[in-house]
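Observations on chain architecture
Each chain is listed here by its residues.
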Amino acid sequence: MTTRHEVVIAGHRGDRRSVVAALTDEDPDVREAALGAARRLDLITINHLRAATEDPSVVVRRRAAELLASPQFVEPVAESLVLLLLDDHDASVVELAAWCAGEREEVSEPVLRRLIELTGGADDSLVRESAAAALGAIGDERGLAAIIAACADKPAVRRRAVLALAP
């Protein structure tokens, strides 16, 4: 079994074989580190990210959301993976997926609708905050009502919503 440390070192040393093998390691921390190392070595593919979005581990799904923000992944398949992560059962994954959506140059109609829903209806305030910020970054007028409504939320969400109004 590979350790997380070994995978990180392999990613810095250019050991492509070890990094690719670690993507399917039994340890979720190793798989998560392997995703980062694969990105560093320009080995990451949409298929790796698809598998990561379906991973049982929260840390792996969060890393997948982070990597999907890359301009490298603009195809519709990547957008469907972002949408999948926006519906994750873990709030920390959803929060990062909302951030990812805000970092993308364009988002699909379903992603925009989901961000609007999350801004006003997510149980977790960090998710509402991240979704409001993403709507502001996207700048689509259809998100304006949700951002304005978020101005009446908890203080952290309100601050983010006010900032989201700037664009």
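Described in the following lines is the structure provided in the data block. (Residues numbered from 1 in each chain as written. Predicted model: local features only at pLDDT ≥ 70, side-chain atom pairs only at ≥ 80, totals over all residues. Heavy atoms only, no water.)

Within the protein one finds 11 helices and 0 strands. For a compact globule of 167 residues, the expected C-alpha radius of gyration is about 15 Å, and the protein comes in at 17 Å, within 12% of that figure. Reported as C-alpha extents along the three principal axes, the dimensions of the protein are approximately 50 × 25 × 25 Å. Each of the 167 residues in the protein was classed as buried or not, and the buried ones make up 44%. Taking the intrachain contacts of the protein between residues at least 6 apart in sequence as the baseline, contacts between residues at least 24 apart amount to 60%. Accessible surface, the protein: about 8,600 Å² in total, of which carbon and sulfur atoms supply 52%. Averaging the locations of the 20 positively and 28 negatively charged side chains of the protein gives two centres separated by 3 Å. (Helix = DSSP H or I, 4+ residues; strand = E, 2+ residues; numbered from the N terminus. Rg over C-alpha atoms; globule rule 2.2 N^0.38 Å. Buried < 20%, exposed > 50% of the residue type's maximum accessible area, 1.4 Å probe, protein only. Contact = heavy atoms within 4.5 Å. Areas by Shrake-Rupley, 256 points an atom, 1.4 Å probe, with all protein chains shown as cover. Lys, Arg positive; Asp, Glu negative; His and termini not counted. Charge placed at Lys NZ, Arg CZ, Asp CG, Glu CD.)

Moving on, we come to the pattern of salt bridges. Following the criterion strictly, the structure yields 13 salt bridges and no others. As a salt-bridge pair, Arg113 and Glu109 come within 3.7 Å of each other at their nearest N and O atoms. Separated by 4 residues within a single helix, Arg113 and Glu109 lie in helix H8 (residues 109-121), roughly one turn from each other. The exposure class of Arg113 is partly exposed, given its relative accessible area of 44%. Of the residues examined, Glu109 reaches a relative accessible area of 34% and is grouped as partly exposed. By sharing partners, the salt bridges in this structure join Arg4, Glu32, Arg63 and Glu66 into a single network. (Salt bridge = Lys/Arg side-chain N within 4 Å of Asp/Glu carboxyl O.)

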